[in-house]
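So you can see what is in the structure, the chains are spelled out below.
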Amino acid sequence: MMWKLVSCTFCLFVSSQLSLWSVWASAEELEGEVKTEVLFKPEECTQRSKRGDLVNAHYDGYLAKDGSQFYCSRSDKDGHPQWFVLGVGQVIKGLDIGMMDMCPGEKRKITVPSVLAFGEQGKGPVPPNATVVFEVEVFSVSRGPRSMEAFGKMDIDKDKSLTKTEVKEYLKLGYEKNGKPRDEPFYEKIMADIFRKIDHDRDGLISTKEYNIYEHDEL
Ligand SMILES: [Ca+2]
Ligand SMILES: [Ca+2]
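Residues numbered from 1 in each chain as written. Chains lettered and ligands numbered in written order. Predicted model: local features only at pLDDT ≥ 70, side-chain atom pairs only at ≥ 80, totals over all residues. Heavy atoms only, no water.

Trainee: Would you mind showing me how to read the coordination of the calcium ion (ligand 2) here?
Mentor: Note on metal sites: the ideal angle is 109.5 degrees for four tetrahedral donors, and 90 or 180 degrees for six octahedral donors. Summarising the metal site, the calcium ion (ligand 2) is bound by the protein donors D199 (OD), D201 (OD), D203 (OD), L205 (O), E210 (OE) and E210 (OE), whose distances to it range over 2.3 to 2.6 Å. Counting gaps between the donor residues of the calcium ion (ligand 2) yields the pattern D-x1-D-x1-D-x1-L-x4-E. (Donors = N, O, S within 2.8 Å, 3.2 Å for Na, K, Ca; no water.)

This is the structure we're talking about:
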């Protein structure tokens, strides 16, 4: 099948997740099954992704009907892999489901029916009622950006709020521990993304309340 590039600028991420939250949540009630096919699985699997994990991944999106490509994170946003919290509606429902239980380094092909993707309306280059296919590659899986255990580790001065420096140090440690230290701009991009999503009152700090928004979830 010919994978034709249509657009790489289309962004799946929900910039204001809260307003669309109910849309994703209601999709749960509808019929539709996500199909996953493992394309590559590393021999060693240190950490499997689960709900609430911070995941770093590339994914390319295609329309199932003709294979045309509508999204590619490899060329969008300077080619940086995407960061998101798995299982909480930061990506389309089908990816939240289809990306569970993945190892760092694993690649999957995930087929998502429209009810768990862009629905009856479609979005941007995705037409109404379209089944979509994602080719996903996971780079890292970090446990519990939303676990209070992780919060405690990040909160170096124990004042129950996280500064950018505290979060950055935590991320750096994670990358260095995995033998993959990154440069400063890399961390800055991640920080901007994390604070945009979590620091709802925009005071430059992550409070326990902002952090713990998903506390009812099984983390
Ligand atoms: Ca602190
Ligand atoms: Ca805040």
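Further notes follow.
Trainee: Whenever I open this one, the environment of P113 confuses me. Can you help?
Mentor: In this structure, P113 sits in the loop between β5 (107-112) and β6 (132-142). Given the relative accessible area of 17%, P113 is considered buried. The spatial distance from the C-alpha of P113 to the C-alpha of G94 is 7.7 Å, given a sequence separation of 19 residues. (Helix = DSSP H or I, 4+ residues; strand = E, 2+ residues; numbered from the N terminus. Buried < 20%, exposed > 50% of the residue type's maximum accessible area, 1.4 Å probe, protein only.)

Trainee: What exactly am I supposed to notice about the coordination of the calcium ion (ligand 1) here?
Mentor: Binding of the calcium ion (ligand 1) to the protein goes through D155 (OD), D157 (OD), D159 (OD), S161 (O), E166 (OE) and E166 (OE), at separations of 2.2 to 2.6 Å. Around the calcium ion (ligand 1) sit six donor atoms, and with donor-metal-donor angles ranging over 52 to 157° the site reads as irregular. A relative accessible area of 3% places D155 in the buried class. With a relative accessible area of 12%, S161 lands in the buried category. (Tetrahedral: all angles 85-135°; square planar, octahedral: opposite > 155°, others 65-115°.)

Trainee: Which parts of the structure should I look at to understand the state of the cysteines?
Mentor: Linking two cysteines covalently through their sulfur atoms gives a disulfide. Taken as a whole, this structure holds one disulfide when the rule is applied. The disulfide that involves C45 links it to C103, with 2.1 Å between the sulfurs. Its S-S torsion of about -105° marks the bond between C45 and C103 as left-handed, since a negative value means left-handed. Of this pair, C45 sits in the loop between β1 (35-40) and β2 (54-63) while C103 sits in the loop between α2 (93-98) and β5, and the two are 58 residues apart along the sequence. Among the residues examined, C45 registers a relative accessible area of 27% and is labelled partly exposed. A relative accessible area of 0% places C103 in the buried class. (Disulfide = S-S within 2.5 Å.)

Trainee: How do you make sense of the pairing of β2 when you look at a structure like this?
Mentor: The two faces of the sheet receive side chains in turn, since in a regular strand these alternate between them. The element β2 is largely enclosed, with a buried count of ten among its ten residues. Of the two faces of β2, the one holding L54, N56, H58, D60 and Y62 and the one holding V55, A57, Y59, G61 and L63 are both buried throughout. As defined by bridge partners, β2 adjoins strand β4 (residues 82-85) across four bridges and the pair is classed as antiparallel. Paired with V55 across the strands is F84, a residue of β4. In terms of strand pairing, β2 meets strand β3 (residues 69-72) through three bridges, oriented antiparallel. Within β3, the residue paired with D60 across the bridge is C72. (Pairing = 2+ DSSP bridges.)

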